Amino acid sequence: MKKSLSLLAGFIVLFAVLGAIHVSQGQASHGLIAFWQEVWHDEQQMNFLLYSRLPRFVIGCLAGAALAVAGMLLQSMTRNPLASASTLGIHAGAYFFVVLFTIFLPSISGKFPILITMSGGIAAALIVSFLVGKSLDPVRIALTGMIVTMLFSSFTSALQLLFENEVSGLFLWGSGTLLQLDWSGVQFAWPWITGALLFALLVSRRFDILLLGDEVASGLGQNVTLSKSLGWLIAILLAAVTVSAVGPIGFVGIIAPHLVRLMGFRMHRTMIIGNIVVGAALLIGADILVRIVSTTSELPVGAMTAIIGGPWLVYLAFKMGVSTRTKAGSLDGQVRIRSLTRFYPVVILFVLLLVIVSLSFGGTRFTSLADLPQQLMHNRYVWDFRVPRVIVSFIIGMMMAMSGLILQNVLRNPLADSSVLGITSGANVMAMLFLLVFPQAPFIFVPIGALIGAFVTMIIVLSISAKSGFQPMILLLMGIAFSAVGAALIQIFIVKSNLHASQALTWLAGSTYGTSWHHMWIVICTFLLILPIVLYFARAIDVLSFGDEVSTGVGVNTRKSRLLIIILVVALSAISVSVVGAIGFIGLLAPHIARQLVGPKMLRLLPLTLCVGGILLISADFFGRVILAPKEIPAGIIVSLIGAPYLLYLLKKTNRVSAK
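Residues numbered from 1 in each chain as written. Predicted model: local features only at pLDDT ≥ 70, side-chain atom pairs only at ≥ 80, totals over all residues. Heavy atoms only, no water.

A.B. asks: Quick question: what am I supposed to make of the overall build of the protein chain here?
C.D. replies: Broken down by element type, the protein chain carries 29 helices and 2 strands. Per-residue burial for the protein chain yields a buried fraction of 59% across its 660 residues. For the protein chain, long-range pairs separated by at least 24 residues make up 80% of all intrachain contacts whose partners lie at least 6 apart in sequence. Within the structure as shown, the protein chain displays about 27,400 Å² of accessible surface, and the carbon and sulfur contribution to it stands at 69%. (Helix = DSSP H or I, 4+ residues; strand = E, 2+ residues; numbered from the N terminus. Buried < 20%, exposed > 50% of the residue type's maximum accessible area, 1.4 Å probe, protein only. Contact = heavy atoms within 4.5 Å. Areas by Shrake-Rupley, 256 points an atom, 1.4 Å probe, with all protein chains shown as cover.)

Below you can see the structure in the form of structure tokens.
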């Protein structure tokens, strides 16, 4: 206990030093020592301290303490070391409700911010709880929370793009920022946060008893349902107040509780005190780094916490992978269509009809079906813009579907996708970096940059997970970490380059707008080059879906085969991102839809998966062009809106099957 108290005292000293540095930072400051020498004699410096820097410091302390304690409680309630307000979708749900009410009910949004953010957080928590059921598998909970976060984020992005003027001031706040212009934010947040923390201390013994297990807790006279409900409500309230005050800030709720446990604290009362200190120190330290990186413009502190927290999540993933083995997900399917010779002509006719309709309508120009041949011959708009856009949409959809199918088989996880593994995020970061650094460079450099980013990300993920034999669990958890870091870097690029919020959101959501014949030839060459290789590895992919032991038993080198196949996925994802940005869900949805029709065998499954993927993206592109013409909705958002109901059903079904 003495060692634990000594470590906590050391953190308190560190927190005091960080506080002194934090309040001395600013454009008008000449450094730490000079600031503290001048502030007592300089009225302007004193005003900056009292009305800008101190409010920022205090709100940072309150938010850090709230996020840390919320994460600790969520980890105790779910028995999941990866749980936090960000990983369980609570932040995303709260943010979505804020945007929703800001647009449609702004008067209520201003009067009842806590009620709105709490409603969003509770909605997200209920969805995750419903989808997970009684399963307490950490990876399954983390993946479910990530998918729910993706769903809410898609809805939020759609609203932000459609109502740009109404939510123009929410972009920086939506990434998490401690920027304060006065004491109003502190006055709003401190009663809620301090009240919730004090209440958590009063009922902390209930949470200690829960650690013994539900049956033991009930035997000791504990009302388990009441205790868990209190823990959830306190955590969601703390997260909701934080979102209202400073926006969604992730990873503090994961890092701080683990640091406190490493100090040796195990009882919740002492853990709460420890998390208050550690959480505040972490967030203040992250804000110091943010202001060092950019002295002239405000960067989101949420991006810095993600950059710091990503490696920590990788460490946790490796630590968990050493001691646990994940169960393979269900990749079963029913062979409902036995006569493919009759089925595929119908599919091809449907695809051709969809292509014709998509070429005939769109944007501000409308072409009748009868006049389409003449329009293609004489209308340069249709020929130069719409034709390559439709073709690119279909081929990119096929490429995304193929990458998702391969990953689901190789990793034996029905929720695997290039976006989940962080490949898409890595490609996105490097592609955007190339666009910002070399804005006048030929387009060919963008796919090259995306390819480099995807390969660098995958090399790091694979090299770290090599010792575990490329365990699916470790790959997926590290993918989540790299996705968060990638999203944080993109946020920093956007703010530093003064990129317009709507342009950034369009890129991040994924859009086929602006694709040309150059893009078309790139994706056609990529697809024709990789498809034969995938067909060659079809048997190995089938065998890998049964597990490493079976694969080794039939003579498949699991490590080598998995590595080569994942490289193919990297190439597919990188080229897709470089052309249309990050479009999710297709790699998740298309293989499952096809698997339910023709079964899990690769050679039967691949053609239909390609068709479904192409149909999904070309349909999303078409609806995005015509629903609110002449204004366009990015295809990535339409895909999310189309796939959300099915994906929710899929998550519930997958978790129910694994629980049996």
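From this point, things continue past the structure.
A.B. asks: Sorry, what's going on with helix α1 (residues 2-24) here?
C.D. replies: Residues lying three or four places apart along an α-helix face the same way, a consequence of the helix completing one turn every 3.6 residues. Relative to the 33 Å expected for 23 residues at 1.5 Å per residue, α1 spans 34 Å between its end C-alpha atoms, a close match to the ideal helical length. Within α1, the full set of buried residues consists of S4, L8, F11, L18, G19, H22, V23 and S24. (Expected span 1.5 Å × (residues − 1).)

A.B. asks: What's the story with the nonpolar core in this structure? I'm lost.
C.D. replies: Most often, soluble globular proteins keep nonpolar side chains buried together rather than apart. Judged by nonpolar contacts, the single largest core of 209 residues is most densely connected at I90, L238, I396, M402, I406 and V534. Non-local contacts of L238, meaning those with residues more than four positions away in its chain, are made with A66, V69, A70, I193, A196 and L197. (Core = buried A, V, L, I, M, F, W, Y, C linked by side-chain atoms within 4.5 Å.)

A.B. asks: In this structure, what is going on with helix α16 (residues 340-360)? I would like to understand it.
C.D. replies: For α16, spanning 21 residues, the distance from its first C-alpha to its last is 30 Å, which sits close to the expected 30 Å at 1.5 Å a residue. L340, F343, Y344, V347, V351, L354, S358, L359 and S360 are the residues of α16 that are buried.

A.B. asks: Hey, could you run me through the pattern of salt bridges in this one?
C.D. replies: Two side chains carrying opposite charge are able to pair once their charged atoms lie near each other. All chains considered together, the criterion is met by 3 salt bridges. One salt bridge connects D621 with R389, and the closest N-O pair in it is separated by 2.8 Å. Here D621 is found in helix α28 (residues 602-626), whereas its partner R389 is found in helix α18 (residues 380-410), with 232 residues between them in sequence. By the burial criterion, D621 is buried, and R389 matches it. (Salt bridge = Lys/Arg side-chain N within 4 Å of Asp/Glu carboxyl O.)

A.B. asks: Would you explain the side chain of S84 in this entry?
C.D. replies: Looking at where S84 falls in the secondary structure, it is placed in the loop between α3 (43-78) and α4 (90-104). Since its relative accessible area comes to 1%, S84 is described here as buried. Sequence-distant contacts of S84, that is, excluding residues within four places in its chain, are made with G71, L74, G253 and I254.

A.B. asks: How should the packing of helix α19 (residues 423-437) against helix α26 (residues 558-580) be read in this particular structure?
C.D. replies: Helix-helix packing is described using two parameters, namely the angle between the two axes and the distance between the axes. Direction vectors running N to C along α19 and α26 enclose 45 degrees, while the axes themselves pass 9 Å from each other. Of the possible angle classes, the one that applies to α19 and α26 is oblique. In the crossing of α19 with α26, the sense of the turn from one axis to the other is right-handed. On α26, the residues touching I423, T424, A427 and N428 of α19 are V569, V570, S573, A574 and V577. Grouping the constituent residues of the contact of α19 with α26 by class yields 6 nonpolar, 3 polar and no charged. (Axes fitted to C-alpha atoms, helices over the stretch in contact; angles between N-to-C directions. Parallel < 35°, antiparallel > 145°, perpendicular 65-115°, else oblique. Left-handed = near helix turned anticlockwise from the far one by under 90°. Nonpolar A, V, L, I, M, F, W, Y, C, P; charged D, E, K, R; others polar.)

A.B. asks: Teacher, can you tell me more about the packing of aromatic side chains here?
C.D. replies: Two measures describe an aromatic ring pair: the distance that separates the ring centres and the angle between the ring planes. One pass over the structure, following the stated rule, counts 8 aromatic pairs. Judged by centre distance (5.3 Å) and plane angle (75 degrees), the rings of F104 and F163 are edge-to-face. With a gap of 59 residues between them, F104 in helix α4 and F163 in the loop between α7 (138-162) and α8 (171-174) connect regions that are remote in the sequence. Note on F104: relative accessible area 47%, which makes it partly exposed. The partly exposed category is assigned to F163, whose relative accessible area is 24%. Three or more aromatic residues joined by ring pairs make a cluster, and in this case those are F96, F97, F101, F152 and F155. (Phe/Tyr/Trp six-rings, centres within 6.5 Å; stacked < 30°, edge-to-face > 60°.)

A.B. asks: Is there a simple way to explain the environment of A63 in this structure?
C.D. replies: Among the structural elements, A63 can be located in helix α3. Judged by relative accessible area, A63 falls into the buried class, the value being 4%. In this structure the C-alpha to C-alpha distance between A63 and L178, which are 115 residues apart in sequence, comes to 9.0 Å. Excluding residues that lie within four positions of it along the chain, A63 makes contacts with I193, T242, V246 and L283.

A.B. asks: Looking at this structure, I do not really get unusual backbone geometry. What am I missing?
C.D. replies: Working note: non-glycine residues mostly have negative phi, and peptide bonds are mostly trans. Although it is not a glycine, R79 sits at a positive phi angle of roughly 55 degrees. With respect to the helices and strands, R79 occurs in the loop between α3 and α4. In this structure, F251 is a non-glycine residue whose phi angle is positive, near 75 degrees. Relative to the assigned elements, F251 resides in the loop between α12 (224-246) and α13 (252-262).

A.B. asks: Hey, could you run me through the confidence of the model for the protein chain in this one?
C.D. replies: Should the pLDDT be low somewhere, the predicted coordinates at that spot are not to be read in detail. On average, residues of the protein chain carry a pLDDT of 80, and 84% of them reach 70 or more. Ranking the helices and strands of the protein chain by mean pLDDT puts helix α9 (residues 184-202) first, with 94, and strand β2 (residues 365-366) last, with 49. Taken as a whole, residues 324-330 scores under 50 in pLDDT and shows 14 contacts with residues more than four places along the chain or in a different chain. (pLDDT = per-residue confidence, 0-100.)

A.B. asks: Hey, could you run me through the environment of L233 in this one?
C.D. replies: In this fold, L233 is placed in helix α12. Given the relative accessible area of 45%, L233 is considered partly exposed. In this structure, the C-alpha to C-alpha distance between L233 and M118, residues 115 residues apart in sequence, is 9.0 Å.

A.B. asks: I tried to follow the environment of V392 on my own but got confused; where do I start?
C.D. replies: With respect to the helices, strands and loops of the structure, V392 is situated in helix α18. For V392 and V579, which are 187 residues apart along the polypeptide, the C-alpha to C-alpha distance reads 8.7 Å. Those residues within four positions of V392 in sequence are excluded, and the remaining contacts are T515, S516, H519, M520, V523, V579 and V580.

A.B. asks: Honestly, the packing of helix α23 (residues 517-536) against α26 in this entry has me stumped. Any pointers?
C.D. replies: The interhelical angle for the contact between α23 and α26, taken along N-to-C directions, is 165 degrees, at an axis separation of 11 Å. If you check the angle between α23 and α26, you find them roughly antiparallel. Where α23 crosses over α26, the two elements pack in a sense that is left-handed. Contacts between α23 and α26 involve H519, I522, V523, T526, I530, I533 and V534 on the former and, on the latter, L568, A571, L572, I575 and V579. Residue classes in the contact of α23 with α26 are distributed as 10 nonpolar, 2 polar and no charged.

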